[in-house]
Amino acid sequence: MSTTTEDTIANRISRVLADRIIAGTLEPGAKLKQDRIAEEFGTSHVPVREAFRRLEAQGLAVSEARRGVRVATFSAAEVEEVARMRSVLEGLALRHAAPHLTSHILDQAEAVARAGDNAVDFNQQEEANRQFHRLLLAPCNMPRLLAEIDDLHMIGSRFMYIAERAGWTPRVDLDHHAILRHLRMGNVNDAVHALERHVLRLAEKPNRFPGKRLAVL
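Residues numbered from 1 in each chain as written. Predicted model: local features only at pLDDT ≥ 70, side-chain atom pairs only at ≥ 80, totals over all residues. Heavy atoms only, no water.

## Considering the overall build of the protein chain
Across its full length, the protein chain carries nine helices and four strands. Listing the helices and strands of the protein chain from first to last along the sequence gives α-α-α-β-β-β-α-α-α-α-α-α-β. Taken across its 217 residues, the protein chain has 47% of its residues classed as buried. At a minimum sequence separation of 6, the contacts of the protein chain that also span at least 24 residues come to 76%. Accessible surface for the protein chain amounts to roughly 11300 Å². Of this, 51% is attributable to carbon and sulfur atoms. (Helix = DSSP H or I, 4+ residues; strand = E, 2+ residues; numbered from the N terminus. Buried < 20%, exposed > 50% of the residue type's maximum accessible area, 1.4 Å probe, protein only. Contact = heavy atoms within 4.5 Å. Areas by Shrake-Rupley, 256 points an atom, 1.4 Å probe, with all protein chains shown as cover.)

Listed below in structure tokens is the structure:
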């Protein structure tokens, strides 16, 4: 098997496992069994190990001596750290993206925001949320920055799933609409500040679970 093929399979495995972790199919602390995953994907252990490394880099898995690789858990302090990092990085990305945001992109983002408002479950809402952020930030043309934001957003999605799954209700995301309104008016600073505040709301979620170790983001 070529290196390129292994890399492609590793990407697919890491994406599938990340989706399962975010959706709660793989519970916090669950062991990721290399043999079983290799069999499921019809591959050797090499791309599975690479997929595990990628999940660790994204903060979704941890490797522990004598315990193997497991789904990560997070403390409230770690959740707050991720929210603050995302807030700063997304603000930076939006400042660089704003000059390149066309009416077409903003229309697309508005359609996605409305789809999130009309979601029937958490998964639909979160998928729309991730698309909204990606649409607005992608024109910054800073791939390393976007990759870091995407990893942090993935962690945030997992936390939000845990925090919301017991009592999720449909809601209109007023922050998204405010960000779009500022951008359409050319008020980039206001849009950036609205986005930063929006992301920081994630840091408020751990307060629902004081003193607990969270399977989050």
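## A word on helix α3 (residues 45–57)
Taking 1.5 Å of rise per residue, 13 residues should cover 18 Å, and α3 covers 18 Å from first to last C-alpha, within 8% of that figure. What α3 keeps buried is the set Pro47, Val48, Ala51, Phe52, Arg54 and Leu55. Seen from one end, α3 has its buried residues packed into an arc of 160°, which puts them on one side. The N-cap of α3, judged by a side-chain oxygen 3.4 Å from the amide nitrogen of Val46 a few residues on, is Ser44. Directly beyond the C-terminal end of α3, a positive phi value near 80° is found at Gly59. (Expected span 1.5 Å × (residues − 1). Arc of directions from axis to C-beta. Polar contact = N/O pair within 3.5 Å; in protein donor to acceptor, adjacent residues only side chain to side chain.)

## A closer look at the nonpolar core
Within the largest apolar cluster, 58 residues are counted, with the highest numbers of intra-cluster contacts made by Leu32, Leu94 and Leu136. No other element matches the eight residues that helix α7 (residues 143–164) contributes to this core. Dropping the residues within four chain positions of it, Leu94 is found in contact with Leu101, Leu136, Leu137, Leu183, Ala191, Val192 and Leu195. (Core = buried A, V, L, I, M, F, W, Y, C linked by side-chain atoms within 4.5 Å.)

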